[in-house]
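As a plain string of letters, each chain reads:
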Amino acid sequence: MTTKNNSLSNKTGNWRTHRPEINHQKCIGCSLCAKICPEACIEMKNHKAFVDDDYCKGCALCAHECPVKAIEMKEDF
Ligand code: SF4
Ligand code: SF4
């Protein structure tokens with residue numbers, strides 16, 4: 001049984017069109033993006049956010065929520 005969000009069954013395929021890019025100079029470490037991410041694939045390290053691209057679905061919720069606009073969605077081919 002796979003219950004964790006980062007289970008193998010939840011790994012993102014090659015259909016994703018966009019992925020978030022985090023500007024760590026702008027990131028203030030509030031962790032809102034990590035809390036809002038439906039895939040739970042944003043991890044906080046030393047008060048900075050990092051995305052696990054293997055599981056990110058490109059929904060852009062994190063970019064929408066970031067209070068300092070540190071997350072930009074980039075095309076993902
Ligand atoms: S784009 Fe969506 S799935 Fe990817 S890190 Fe942001 S909130 Fe999570
Ligand atoms: S929401 Fe923005 S400022 Fe807050 S941790 Fe995420 S990237 Fe950093």
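Residues numbered from 1 in each chain as written. Chains lettered and ligands numbered in written order. Predicted model: local features only at pLDDT ≥ 70, side-chain atom pairs only at ≥ 80, totals over all residues. Heavy atoms only, no water.

1. Quick look at the overall build of the protein
Looking only at helices and strands, the protein has two helices and four strands in total. When the helices and strands of the protein are placed in sequence order, the string is β-α-β-β-α-β. Going through the 77 residues of the protein one by one, you find that 32% of them count as buried. Counting contacts in the protein only where the partners sit at least 6 residues apart, residues at least 24 apart contribute 68% of the total. Summed over all atoms, the accessible surface of the protein reaches about 5,300 Å², with 50% contributed by carbon and sulfur. (Helix = DSSP H or I, 4+ residues; strand = E, 2+ residues; numbered from the N terminus. Buried < 20%, exposed > 50% of the residue type's maximum accessible area, 1.4 Å probe, protein only. Contact = heavy atoms within 4.5 Å. Areas by Shrake-Rupley, 256 points an atom, 1.4 Å probe, with all protein chains shown as cover.)

2. Description of the packing of aromatic side chains
What the rule picks out here adds up to zero aromatic pairs. Above the face of the Phe-50 ring, Lys-45 is positioned so that its terminal group lies 5.2 Å from the ring centre. (Phe/Tyr/Trp six-rings, centres within 6.5 Å; stacked < 30°, edge-to-face > 60°. Lys NZ or Arg CZ within 6 Å of the ring centre and 35° of its normal.)

3. Regarding the environment of Lys-45
Considering the arrangement of structural elements, one finds Lys-45 in strand β2 (residues 42–45). Expressed as a C-alpha distance, the spacing of Lys-45 and Gly-29, which sit 16 residues apart in the sequence, is 8.9 Å.

4. Observations regarding the nonpolar core
Core analysis: the biggest nonpolar cluster contains 15 residues, and Cys-33, Ile-42, Ala-49 and Ile-71 have the highest contact counts within it. Contributing elements (two or more residues each) for this core: α1 (32–36) and α2 (61–65). (Core = buried A, V, L, I, M, F, W, Y, C linked by side-chain atoms within 4.5 Å.)

5. A short note on the pattern of salt bridges
For the structure shown, the criterion picks out five salt bridges. One salt bridge in this structure joins Asp-76 and Arg-16, with 2.7 Å as the shortest N-O distance. One end of the pair, Asp-76, is in the segment after β4 (71–75); the other, Arg-16, is in the segment before β1 (18–22), with 60 residues separating them in the sequence. You can call Asp-76 buried: its relative accessible area is 17%. Taken together, the salt bridges that share partners define one network made up of Arg-16, Arg-19, Glu-21 and Asp-76. (Salt bridge = Lys/Arg side-chain N within 4 Å of Asp/Glu carboxyl O.)

Fair warning: the whole summary comes from geometry, so function is off the table for now.
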